[in-house]
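Understanding the architecture of this molecule
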Amino acid sequence: MLVGARCLVLLLAVTAQGQQQPHIIFMVADDMGWNDVSFHGADQIPTYNLDALGYNGVILNSHYVLPVCTPTRSALMTGRYPIHTGMQGVPMFAAEPRGLPFGKILPEYLKDLGYVTRAVGKWHLGFYKKEYTPTYRGFDSHVGYWTGFTSYYDHITEDTYPGNRVLSGYDFRRNMDVAWDLSGKYATDVFTDESVKIIHEHDKSRPLFLYLSHLAAHAGNDGKLLEAPQEEVDKFRHIPEANRRTYAAMISKMDESVGRVVEALQDNGMLNNSIIVFISDNGAPTVGMFRNWGSNFPFRGIKATLWEGGVRGVGLIWSPLLSDPGRVSEKMMHVSDWLPTLYSAAGGDVSNLTSMDGVNQWRSLVEDTESPRTEVLLNIDEKAKTAAYRFGQWKLVIGSFGKNGSYDEYFGEHGRSTSNPVYNISSLVNSQAWKSISASQSTVSDNQIQQLRKLASVTCSKGGSYQRVSDCNPSLNKMPCLFNVLSDPCETKNVADYNKNLATNIYNRLVYQRQTLVRQLNVPFDVDGADPTKFNNTWSPWME
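Rules used throughout
- Residues numbered from 1 in each chain as written.
- Predicted model: local features only at pLDDT ≥ 70, side-chain atom pairs only at ≥ 80, totals over all residues.
- Heavy atoms only, no water.
- Pairing = 2+ DSSP bridges.
- Helix = DSSP H or I, 4+ residues; strand = E, 2+ residues; numbered from the N terminus.
- Axes fitted to C-alpha atoms, helices over the stretch in contact; angles between N-to-C directions.
- Contact = heavy atoms within 4.5 Å.
- Core = buried A, V, L, I, M, F, W, Y, C linked by side-chain atoms within 4.5 Å.
- Buried < 20%, exposed > 50% of the residue type's maximum accessible area, 1.4 Å probe, protein only.
- Phe/Tyr/Trp six-rings, centres within 6.5 Å; stacked < 30°, edge-to-face > 60°.
- Disulfide = S-S within 2.5 Å.
- Salt bridge = Lys/Arg side-chain N within 4 Å of Asp/Glu carboxyl O.
- pLDDT = per-residue confidence, 0-100.
- Patch = residues over 30% accessible without salt bridge, like charges linked within 9 Å, V, L, I, M, F, W, Y side chains within 5 Å.
- Areas by Shrake-Rupley, 256 points an atom, 1.4 Å probe, with all protein chains shown as cover.
- Polar contact = N/O pair within 3.5 Å; in protein donor to acceptor, adjacent residues only side chain to side chain.

Thoughts on the sheet that holds strand β15 (residues 333–334)
- In spatial order, the strands read β12-β3-β15; together these 3 strands make up an open sheet with mixed pairing. Looking at which strands have only one partner, the edges of the open sheet turn out to be β12 (312–313) and β15.
- Alignment of strand β3 (residues 63–64) against β12, held across 2 bridges, turns out to be antiparallel. Bridging from a neighbouring strand, Y64 pairs with R312 of β12.

Here it is as structure tokens:
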């Protein structure tokens, strides 16, 4: 019987096309701004390892996510819009008895195809019962935390609840066990070390799915919102604002993590058969709750908004399976597309996937053919009364964000000051990721690097300053705004009055989606039941 099972595993390790199944490394940044990767044109925070993957792969310049973290992660795991699972509202609180509804999710689909599945880092899809935690949802192992954020060194998560009641507890786990031994260790390093260990110890006869979901660059608890090793902070003396300087160090440590993971794949002979994806879960909260001083320049809005600054996220894919690497894709893609896309890349038959909002983008990514997606629901929040829809080059936005529209504007560093160090191609080609990639495939030239960086930069202002919005403020006029985001990606010119039929057509598409909406599953907090003091001061499942 064991021999038969082993044979089945080996058979599953080959795709329907007769190719060895690729290893899949999926990395997620938390609250990372569009302007905080250097391949988008800013010199302020060099991200040479990410740049190496992007320039030698495909930079996804129209990759859409949800405005906040729990909904994005639910869409990634289910391949469905959050409105179809009830996950479209505010992110999950630690003391909220809620989780991603039961049903097959991404790691389980890949396990069916023979994959070993590992999760490292943030979960944020429920833990009030153990059945909602990663190792009960298809992952073979998990090292990380269950709540929405935690501190980078002490791994304490604090949440404030009605009546100013503060719950505080330790939240670092190794599977179901509390990982007390990791207290005091910098979270990004912990997740990197664990990922490198997983790769080095992996049995290459089976494909690996590694889900590396970083804490960076989410803010931590009050009093220590941003944390990074001082030697890393010191590298950014050219940034005058102290908090922005620490944020840059947090991004830099995450970029270092990317390089170490790519290097580990090369060292273990896995890189030449890998797919590496990197995305941000939403835009940066430059201001407001959990402010981290990230920048979405030149886009309008921040995290928690449906402006481009909130939902057009950093994205890239690298793989030797790409037939024409070294390009910037403006083709529309949504985070829900990754489930059918990766399932197809792993050799699965996507016709077996049902009730998916995501579409299979694998051929489009590999062969640079037309994207099968021409429109995307960006979100409907029936409680906040906000919604947005992208239809071809057009985008309709309903509602306003922040108190009295305070998040409807433009925020953050442009990152293009002459005081910044000049972008250094020598440092790029000496990065861990570039050296690892170049050992297994040819890399793009210096001229191509400059051209790709220019193509990946979004320009809609002059002289590195914002072009202020003037003719569409939904907090005042209460009417939908319509933008041509190809010619006006910064959403500065509302054209609804000149395109009433088009605006009505897109609005009707929103109405249709609204009829399929599952109401938000947010439930009242269970502050007494979840109180970490009842569980040795740890965040733990409290409804067994």
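There's plenty left to go through after this.
What about the sheet that holds strand β18 (residues 394–398)?
- If you trace the 4 strands from one edge of the open sheet to the other, you get β16-β17-β18-β19, paired in antiparallel fashion. The open sheet terminates on both sides in strands that have one partner only, identified here as β16 (375–381) and β19 (481–484). Neighbour to neighbour, the strand axes of the sheet diverge by 10° on average, direction disregarded.
- Relative to β18, strand β17 (residues 386–391) is paired through 5 bridges, and the arrangement is antiparallel. Following the sheet pairing, Y389 is matched in β18 by L396.
- Each of β16, β17, β18 and β19 is contacted by helix α15 (residues 500–514), which is oriented at about 120° to β17, the strand it contacts most.

What about the nonpolar core?
- Within the largest apolar cluster, 71 residues are counted, with the highest numbers of intra-cluster contacts made by M32, Y55, F172, F191, I276 and F278.
- Looking at this core element by element, the count peaks at 11 residues for helix α7 (residues 242–267).
- Apart from the residues lying within four places of it in its own chain, the contact partners of M32 are V37, L50, Y247, I251, M254, F278, S280, N282, G283 and A284.
- F26, L113, L167 and V335 belong to the second-largest nonpolar core, a separate cluster that totals 54 residues.

Some details on the packing of aromatic side chains
- Under the counting rule described, the total for this entry stands at 25 aromatic pairs.
- Residues F127 and W542 carry aromatic rings whose centres are separated by 5.8 Å and whose planes lie at 75° to one another, so their mutual orientation is edge-to-face. Here the residue F127 occupies a position in the loop between β4 (116–122) and β5 (141–145), and W542 occupies one in the segment after α16 (527–530), the gap between them amounting to 415 residues.
- For F127, a relative accessible area of 4% corresponds to the buried category.
- Looking at W542, the relative accessible area reads 12%, which means it is buried.
- Aromatic pair Y170 and W180: ring centres 4.6 Å apart, planes at 15°, arrangement stacked. Note that Y170 is positioned in strand β7 (residues 165–170) and W180 in the loop between β9 (177–178) and α5 (187–201), a separation of 10 residues in sequence.
- The buried category is assigned to Y170, whose relative accessible area is 3%.
- Classification of W180 as partly exposed rests on a relative accessible area of 42%.

Some points on the state of the cysteines
- For the structure on display, the rule yields 1 disulfide.
- Through a disulfide, C460 is tied to C490; the S-S separation comes to 1.8 Å. Of this pair, C460 sits in the loop between α13 (446–456) and α14 (474–477) while C490 sits in the loop between β19 and α15, placing them 30 residues apart in sequence. Both residues of the pair, C460 and C490, count as buried.

What about the pattern of salt bridges?
- Following the criterion strictly, the structure yields 28 salt bridges and no others.
- Ionic pairing is found between R373 and D337, a salt bridge with its closest N-O pair at 2.7 Å. Taken together, the residues R373 in the loop between α10 (362–367) and β16 and D337 in the loop between β15 and α9 (338–345) connect sequence positions 36 residues apart.
- Residue D337 is classed as buried on the basis of its relative accessible area of 0%.
- Between R509 and E375 there is a salt bridge, with its nearest N and O atoms 2.9 Å apart. Separated by 134 residues along the polypeptide, R509 in helix α15 and E375 in strand β16 bring together distant segments of the chain.
- Given a relative accessible area of 26%, R509 falls into the partly exposed group.
- Overall, E375 belongs to the partly exposed group, its relative accessible area being 21%.
- Salt bridges sharing common partners tie together D30, R73, K122 and D281.

A short note on the confidence of the model for the chain
- Summarising the model, the chain shows a mean pLDDT of 94, and 93% of its residues fall at 70 or more.
- In this model, residues 1–12 is a region of pLDDT below 50 whose contacts with residues beyond four sequence positions or in other chains number 8 contacts.

Notes on a nonpolar patch on the surface
- A surface patch of nonpolar side chains, about 230 Å² in accessible area, is lined by V90, F93 and F525.
- Inspection of the secondary structure puts F93 in the loop between α3 (69–78) and α4 (106–112).
- Under the relative-accessibility criterion, F93 is labelled partly exposed at 30%.

A look at the side chain of R327
- Counting through the fold element by element, R327 comes out in strand β14 (residues 327–329).
- Among the polar contacts made by the side chain of R327, one reaches the main-chain carbonyl oxygen of D324 at a distance of 2.5 Å.
- Here D368 takes part through its side chain, which lies 3.5 Å from a polar atom of the side chain of R327.
- Sequence-distant contacts of R327, defined by excluding residues within four places in its chain, comprise G57, V58, I59, S364, L365, V366, E367, D368 and L452.

What about unusual backbone geometry?
- The amide bond that connects A216 to the next residue, A217, takes the cis arrangement and shows omega of 5°.
- The omega torsion of the bond from F297 to P298 falls at 5°, within 30 degrees of zero and hence cis.
- Structurally, P298 is set in the loop between β11 (274–280) and α8 (308–311).
- Positive phi values are uncommon outside glycine, yet H124 reaches one of about 60°.

Section: the pairing of β7
- For strand β6 (residues 156–161) and β7, the ladder comprises 6 bridges, and the chain directions are antiparallel. Bridge pairing links Y161 to R165 in β7.
- From the end of β6 to the start of β7, which pair antiparallel, there are 3 residues, and G163 there has a positive phi angle of about 80°.

What about the environment of S371?
- If you trace the backbone, S371 turns up in the loop between α10 and β16.
- Under the relative-accessibility criterion, S371 is labelled buried at 11%.
- Here the alpha-carbon distance between S371 and D112, two residues 259 residues apart in the chain, equals 27 Å.
- In this structure the side chain of S371 is engaged in a polar contact, spanning 3.1 Å, whose partner is the side chain of Q361.

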